Amino acid sequence: MFDTFSPDAIKHASYTHHTGEAFNNVITPQDFANASNEIMTWDGYVATPLHRLENLAQSLNLQSILYKDEGPRFGLGSFKALGGAYAAAKVLQRELRNKFNEQTSLLDLRSGKYASLTKTITLVSATDGNHGRSLAWGAQKFGSECKIYIHAEVSEERAKAMRSYGADVIRIDGDYDDSVRIAKTDAEKNGWFIVSDTSWESYTQPPTDVMAGYGVMTDEITQELSSPPSHVFLQGGVGGLAASVCAALRQKWGKDSPRVIIVEPDLANCLYASAIKDTLTSVYITEETIMAGLSCGEPSPLAWNILREEASDFLSIPDRLIAPSMKLLAKPVGNDPAIVAGESAVAGLAAIIVIAQDEALRKSLGIDMTSQILLIGSEGATDKALYDKIISS
């Protein structure tokens, strides 16, 4: 069953993390609370499932595997629905105050009270797909214009999804990091407002709001669990998801919070490279990974401030593990639930399957038969044609 998942598939960097209070200071408990209080009032809000993969855990000699399935989130297909839309609302709220001297609440924004003003504001971002879909949905919800920059390898199905929410989608030559730079340049030239999930010098508030929005997902997880898992495997990308989750878990459980393990594609492993050098490090993407949402060569400094203090291990995995992992969830072990998982959703699952079968890796990561593993299933089939092709191959 697990023949594809050989131990040589993983590169592992142990990391002696720094001590500090970034988990409390970068995204504060109040930031998380404000985001949860807002997002949980939105139409269509429902907590997403936390699946227990009991048969898979037993077959891997683990106590439990918990899989947080973000596929159903607001009908947008991923956890990103929590971040981009919330950050859009916060940008609009600040701009109404700064430009028009309007002390508006987020409820006022949602009700359309300021529609005549918000329609004069343009929000912009770069995306591999899911963040842009969330921002486009949020811009439509709150009544602003929206422009989304995508790179050459983003599928047309994902582009159509963003257009369906009224966004002007602009495709550029190059990769994700190129799209970030071009979006930033055009926004500065035209007076648009960037709503990005990555940070840079002097640009931190919207990425903080994005990460605060992701905290809804962690709230839901901790409300279901009476005690913390032993390990959490978190996808890399620019680091926003991982930083948000481990900060929220640390705020909830303190020193008892899970051991944090970051997982990235070999083809875009900027956080792994940062851990190796113990400093923020970018990598040049020469080939796009199948894990489209994780195809990021430049880490977010804001996220790294948290991860350098909270993450114990960084893993880099090849693309060949992804299709078997997606198929394993679609046609599960025993009577485990069948789950529709996109390419970026299964990075952690792929990693734990490899690790569980190798004694050296188990030992180095502190994994044994009592281990309780938390995985973040960050997306469903956000590109259904690609998903169907992978599952049927």
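Residues numbered from 1 in each chain as written. Predicted model: local features only at pLDDT ≥ 70, side-chain atom pairs only at ≥ 80, totals over all residues. Heavy atoms only, no water.

Digging into the sheet that holds strand 3 (residues 64-69)
- Pairing within the open sheet is mixed, and its 7 strands lie in the order 1-10-9-8-11-3-2. This sheet does not close on itself; its edge strands, each paired only once, are strand 1 (11-14) and strand 2 (50-52). Going from strand to strand, the sheet's axes swing by 25 degrees on average, the running direction of each strand aside.
- Two strands pair when backbone bridges link them, and strand 2 and strand 3 are joined in this way by 3 bridges, in the antiparallel orientation. Considered in strand 3, the bridge of His51 is made with Tyr67. (Pairing = 2+ DSSP bridges. Helix = DSSP H or I, 4+ residues; strand = E, 2+ residues; numbered from the N terminus. Axes fitted to C-alpha atoms, helices over the stretch in contact; angles between N-to-C directions.)

Details of empty space enclosed by the protein
- Applying the stated criterion to the full structure yields 3 cavities of 30 Å³ or more.
- By volume, the largest cavity is sized at about 290 Å³.
- Every residue lining the largest cavity is counted, 26 residues in all, and those nearest its centre are Phe79, Lys80, Asp197, Gly293 and Leu294.
- Of all the secondary-structure elements, those providing two or more residues to the lining of the largest cavity are strand 4 (122-127), helix 7 (130-142) and helix 11 (240-253).
- Its residues placed into classes, the lining of the largest cavity shows 9 nonpolar, 12 polar and 5 charged.
- Around the second largest cavity sit Leu53, Leu56, Leu328, Leu329, Pro332, Val333, Asp336 and Pro337, which together line it.
- Of the residues that constitute the lining of the second largest cavity, the class distribution is 7 nonpolar, no polar and 1 charged. (1 Å grid on protein atoms, 1.4 Å probe; cavity = no way out; pocket = protein on both sides within 12 Å on 5 of 7 lines; lining within 4 Å. Points joined across faces, edges and corners; volume = space filled by probe spheres on them. Nonpolar A, V, L, I, M, F, W, Y, C, P; charged D, E, K, R; others polar.)

Points about the environment of Pro318
- Relative to the elements of secondary structure, Pro318 occurs in the loop between strand 10 (311-317) and helix 14 (322-330).
- Here Pro318 falls in the buried class, since its relative accessible area comes to 14%.
- Taking C-alpha positions, Pro318 is 37 Å from Val91, a pair spaced 227 residues apart along the chain.
- Setting aside chain neighbours within four positions, we find Pro318 in contact with Ala9 and Asp266. (Buried < 20%, exposed > 50% of the residue type's maximum accessible area, 1.4 Å probe, protein only. Contact = heavy atoms within 4.5 Å.)

Quick word on the packing of aromatic side chains
- Scanning the entire structure with this criterion turns up 11 aromatic pairs.
- With a centroid separation of 5.0 Å and an interplanar angle of 40 degrees, the aromatic rings of Phe74 and Trp137 are classed as tilted. Taken as a pair, Phe74 in the loop between strand 3 and helix 4 (84-100) and Trp137 in helix 7 lie far apart in primary sequence, 63 residues in all. As far as the burial class goes, Phe74 and Trp137 line up, both buried.
- Each residue in the set Trp42, Tyr45, Phe74, Trp137 and Phe142 is aromatic and connected to the rest through ring pairs, giving one cluster.
- One residue, Arg250, lies across the ring of Phe23, its end atom 4.3 Å from the ring centre. (Phe/Tyr/Trp six-rings, centres within 6.5 Å; stacked < 30°, edge-to-face > 60°. Lys NZ or Arg CZ within 6 Å of the ring centre and 35° of its normal.)

Some thoughts on the pattern of salt bridges
- The full count for this structure, using the stated rule, is 18 salt bridges.
- Linking Arg320 and Asp8 is a salt bridge whose minimum nitrogen-to-oxygen distance equals 3.6 Å. Remark: Asp8 occurs in the segment before strand 1 and Arg320 occurs in the loop between strand 10 and helix 14; sequence separation between them is 312 residues.
- Under the relative-accessibility criterion, Arg320 is labelled partly exposed at 41%.
- Accessibility expressed as a relative area gives 63% for Asp8, which makes it exposed.
- Each member of the salt-bridge network shares a partner with another, and the members are Lys68, Glu70, Arg73 and Glu220. (Salt bridge = Lys/Arg side-chain N within 4 Å of Asp/Glu carboxyl O.)

Let's talk about the side chain of Asn130
- Counting through the fold element by element, Asn130 comes out in helix 7.
- Residues within four places of Asn130 in sequence aside, it is in contact with Ser78, Lys80, Glu379 and Thr382.

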